[in-house]
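A closer look at the structure
Residues per chain are reported as follows:
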Amino acid sequence: MTWKPNPKYKFTFGLWTVGNVGRDPFGLPTRPDLSPAQICDLVGEAGAYGVNFHDNDLIPIDATAAETAEIKRDFTAALKRNKLKVPMATVNLFTEAVFKDGAFTSHDPAVRAYAVQKTFRAMDLGAEFGAKIFVLWGGREGAESDAHKDPYIAIQHTRQAFNLLAAYNIEKGYGYKFALEAKPNEPRGHIYNAVTGSYLAFIQTLEHPEMFGVNPEVAHEHMAGLNFVHQIAAALDAKKLFHIDLNDQEFGRYDQDFRFGSANLKHCFHLVKILEDYKYNAPRSFDCHAYRASDFEDLKWFASGNMRTYEILADKAQRWNTDKDIQALVKKITAGDEKIAKLLKSSSKASVKSIAEASFDRHELANKRLPYEQLDQLTMELLMGVR
Ligand code: GLO
Ligand code: NI
Ligand code: NI
Ligand code: NI
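Remember, predicted model here, so these are calculated numbers, not experimental data. (Residues numbered from 1 in each chain as written. Chains lettered and ligands numbered in written order. Predicted model: local features only at pLDDT ≥ 70, side-chain atom pairs only at ≥ 80, totals over all residues. Heavy atoms only, no water.)

**Description of the pairing of strand E1 (residues 11-14)**
Of the two faces of E1, both are covered, the one formed by Phe-11 and Phe-13 as well as the one formed by Thr-12 and Gly-14. Pairing analysis gives three bridges linking E1 to strand E10 (residues 284-286), with the strands arranged parallel. Of the residues in E10, the one forming a bridge with Thr-12 is Ser-285. In the sheet, E1 pairs with strand E2 (residues 50-54) via three bridges, with the strands oriented parallel. (Buried < 20%, exposed > 50% of the residue type's maximum accessible area, 1.4 Å probe, protein only. Helix = DSSP H or I, 4+ residues; strand = E, 2+ residues; numbered from the N terminus. Pairing = 2+ DSSP bridges.)

What follows is the structure, encoded as structure tokens:
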């Protein structure tokens, strides 16, 4: 495939995404293991901007010092020959048995401290490769039954851990921005901070709120039946969209992590549109994996496919913004009395008074045409490629 993505989009892949071997709770791997260097060659060939990793995607948890040095050497060489960056690093706080009942929210203070220490070391590792974004996904931070753990205390434990990570970030001068990733469930029956909005509120209670933002994932919000684009609007408005996990997902299912745009093309279109309209500038990271039946050759389609779909939808978004018929409709639909709009923008005494005393004819206001069938059909026709 000769097509190459535009570097301005900063497309990245986690080592665990392209490297996924097709294991699931019911089945064994269907693809051979790829080394970090082989993954770099694959996504580098596809034209990606960079790769991300959990500490143990790169360095196995029991690696010796000599093994660690060798892996780092090979990985550094692979990054270089593929001109790949490492914009984001993260920590695995879910695989090991020690985290069976949570990491930052374990009952055991020693487990909580071990989780914080493991994250410190993952931050060291990410910093070695230039990462400036650190994602925190609390996969095991939850419970199957609220008899097991007090969720109020779990919130406090989470806060303690995040405050320690911020202090370490300052002490080491790493300059990381932490991006918090919400998920409603899986692998736990219930996961705390189930949706992006929960984290947006929680951040304000931390010692260093400026250091924390969010890393929303399409699949996670769709599992909860939520509109992902609205979550993104909230994160953008709060200036907290530090990173994003792009993929796709049927609503209400387990975390399917499909190739971007493969399930809900229309939602993905509106997602790309909001990111581009509001000039999102952090990496566009694909947190998904190829179908379990796919082989190595097909993985290349998976890698390019994510990026191609994003770019095609970015082009459609651009066309939508310049399509004369669509824009004429948008103009009519959004038009209104400018003086009243101005009043609403201010909460001054004068505004409050004018609004309190104004007279409105609700019947006349209700008469305004909203040709939404027409606008949506034009949007669909643009998406289907006939406009
Ligand atoms: C799992 C999550 C996971 C995180 C990753 C980064 O559902 O999406 O892949 O994104 O651990 O921290
Ligand atoms: Ni996920
Ligand atoms: Ni997912
Ligand atoms: Ni994710």
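Structure's up, so let's keep going.
**Looking at the coordination of the nickel ion (ligand 3)**
At the metal site, the nickel ion (ligand 3) is ligated by Glu-217 (OE), Asp-255 (OD), Asp-255 (OD) and Asp-257 (OD), and these contacts range over 1.8 to 2.5 Å. With four donor atoms in place around the nickel ion (ligand 3) and angles of 55 to 139 degrees between them, the coordination shape is irregular. As a motif over one chain, the donors of the nickel ion (ligand 3) read E-x37-D-x1-D. Between the nickel ion (ligand 3) and the nickel ion (ligand 2), both coordinated by Glu-217, there is a metal-metal distance of 2.2 Å. In this pair, Glu-217 is assigned in the loop between strand E8 (212-214) and helix H8 (218-223) and Asp-257 in the loop between strand E9 (244-246) and helix H10 (265-277), connecting sequence segments 40 residues apart. Across this residue pair, the class does not change: Glu-217 and Asp-257 are buried. (Donors = N, O, S within 2.8 Å, 3.2 Å for Na, K, Ca; no water. Tetrahedral: all angles 85-135°; square planar, octahedral: opposite > 155°, others 65-115°.)

**Structural notes on helix H6 (residues 151-172)**
One turn of the α-helix equals 3.6 residues, which is why residues spaced by three or four share an orientation. Between its first and last C-alpha, H6 extends 32 Å over 22 residues, near the 32 Å set by a 1.5 Å rise per residue. Three or more residues of H6 are buried, namely Ala-154, His-157, Thr-158, Ala-161, Phe-162, Asn-163, Leu-165, Ala-166, Tyr-168 and Asn-169. Along its buried surface, H6 packs onto helix H5 (109-128), strand E4 (133-137), strand E6 (177-181), helix H7 (196-203) and E8. One side-chain oxygen at the N-terminal end of H6 lies 2.8 Å from the backbone nitrogen of Tyr-152; it belongs to Asp-150. (Expected span 1.5 Å × (residues − 1). Contact = heavy atoms within 4.5 Å. Polar contact = N/O pair within 3.5 Å; in protein donor to acceptor, adjacent residues only side chain to side chain.)

**Quick word on the pairing of E4**
Where burial is concerned, most of E4 is hidden: five out of the five residues are buried. Strand direction decides the pairing type here: strand E3 (residues 88-90) and E4, joined by three bridges, are parallel. Paired with Thr-90 across the strands is Val-135, a residue of E4. For the crossover from E3 across H5 to E4, the handedness is right-handed. In terms of strand pairing, E4 meets E6 through five bridges, oriented parallel. Following the sheet pairing, Val-135 is matched in E6 by Ala-179. (Right-handed = clockwise from strand over helix to strand, strands pointing away.)

**A few points about the UniProt feature "domain: Xylose isomerase-like TIM barrel" (unreviewed entry) in the protein**
Mapped onto this numbering, the UniProt entry annotates "domain: Xylose isomerase-like TIM barrel" (unreviewed entry) at residues 41-288. For residues 41-288, the helix share is 43%, the strand share is 12%, and the end-to-end C-alpha distance is 18 Å. (UniProt positions renumbered as here; feature names shortened; annotations may be inferred.)

**What about the domain arrangement of the protein?**
By convention, interface size is frequently given as the accessible area that disappears when the constituent parts associate. The assigned domain composition of the protein is domain 1 (7-322) and domain 2 (324-383). A separation of 39 Å is found between the C-alpha centroids of domain 1 and domain 2. At the junction of the two partners, domain 1 supplies nine residues and domain 2 supplies ten residues. Of the roughly 840 Å² buried between domain 1 and domain 2 on both sides combined, carbon and sulfur atoms contribute 67%. Ranking the residues of domain 1 by area buried against domain 2 places Lys-266, Lys-316 and Trp-320 at the top, with a combined share of 66%. Run the count over domain 1 and domain 2 and you get one salt bridge. Its salt-bridge partner being Lys-266, residue Asp-376 comes within 2.9 Å of it at the nearest N-O pair. Linking domain 1 with domain 2 are six residue pairs in polar contact (both at pLDDT 80 or more). Looking at the side of domain 1 that touches domain 2, the elements with two or more residues in it are H10 and helix H11 (296-322). (Domains from an automatic or database assignment. Buried area = accessible area lost by both parts, 1.4 Å probe. Salt bridge = Lys/Arg side-chain N within 4 Å of Asp/Glu carboxyl O.)

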